[in-house]
Amino acid sequence: MFVPLLVGAAVAVAMGAYGRYHTPTGIAVNVAGFSSPLTVKVWLGTGAAVFAVIQLFSAMAMWGRLGGFSPSWAGSVHRWSGRIAFLLTVPVAVHCLYALGFVDAEPRALAHSLLGCLFFGAFSTKMLALPKPGLAGWVLPVVGGVVFTVLIGVWLTSSLWYFATFGVGF
């Protein structure tokens, strides 16, 4: 687990350093049907959070933590919901790092910036740990739980904050 943890830490630090020292452009790509790049970010982040919840329940089903409910398709749902959640986070991260940079002007923004970098580091750690043979049985659930918790923290400090401040809109 040393190498996956080291790589995950390097990814988190590299993203934070890039966001901090890159001059933000203020320019982001908008998507048709949304009122602004910020609403695109909010809704993609919300989609990622929804798929993260699906990840949580499918993992619980795979590990037999939902009583007798452990369908054979839980593994496929877990893998695909994870892929979709991750793909939804990539344009959000690009927008945040390129257009906004690492923001520390207020506690919420600082927490959001730190959690965003930590998410990609934790995700990298999980992906590198998956093919490792002989891991203790608790490792993947713990690392997956960290990825889930951090992504929900990112959502709470961005999308939920946006919805509470500006309302639910496109």
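Our structure's up above, just so we're on the same page.
Thresholds applied
Residues numbered from 1 in each chain as written. Predicted model: local features only at pLDDT ≥ 70, side-chain atom pairs only at ≥ 80, totals over all residues. Heavy atoms only, no water. Salt bridge = Lys/Arg side-chain N within 4 Å of Asp/Glu carboxyl O. Helix = DSSP H or I, 4+ residues; strand = E, 2+ residues; numbered from the N terminus. Buried < 20%, exposed > 50% of the residue type's maximum accessible area, 1.4 Å probe, protein only. Phe/Tyr/Trp six-rings, centres within 6.5 Å; stacked < 30°, edge-to-face > 60°. Lys NZ or Arg CZ within 6 Å of the ring centre and 35° of its normal. Core = buried A, V, L, I, M, F, W, Y, C linked by side-chain atoms within 4.5 Å.

Draft legend 1. Structural view of the pattern of salt bridges. One pass over the full model with this rule turns up two salt bridges. When the shortest N-O distance is used, the salt bridge between aspartate 104 and arginine 20 registers 3.2 Å. A residue pair is termed long-range when its members are at least 10 positions apart, and aspartate 104 in the loop between helix 3 (74–100) and helix 4 (107–129) and arginine 20 in helix 1 (residues 2–21) qualify at 84 residues. With relative accessibility at 38%, the residue aspartate 104 sits in the partly exposed group. A relative accessible area of 44% places arginine 20 in the partly exposed class. Two residues, arginine 108 and glutamate 106, come together in a salt bridge whose shortest N-O distance is 3.2 Å. By relative accessible area, arginine 108 is classed as partly exposed at 23%.

Draft legend 2. How the structure looks around the packing of aromatic side chains. One pass over the structure, following the stated rule, counts nine aromatic pairs. Grouped by ring-pair contacts, the aromatic residues Trp43, Trp161, Tyr162, Phe163 and Phe166 constitute a single cluster. Over the ring of tryptophan 80 we find arginine 83, and its NZ or CZ is 4.6 Å from the ring centre.

Draft legend 3. Region of interest: the nonpolar core. Core analysis: the largest hydrophobic core is formed by 14 residues, its most contacted members being Met15, Ala93, Cys117, Phe119, Phe120, Val147 and Leu151. For this core, the secondary structure elements donating two or more residues are helix 2 (37–62), helix 3, helix 4 and helix 5 (139–166). Residue contributions to this core peak at five residues, all from helix 4.

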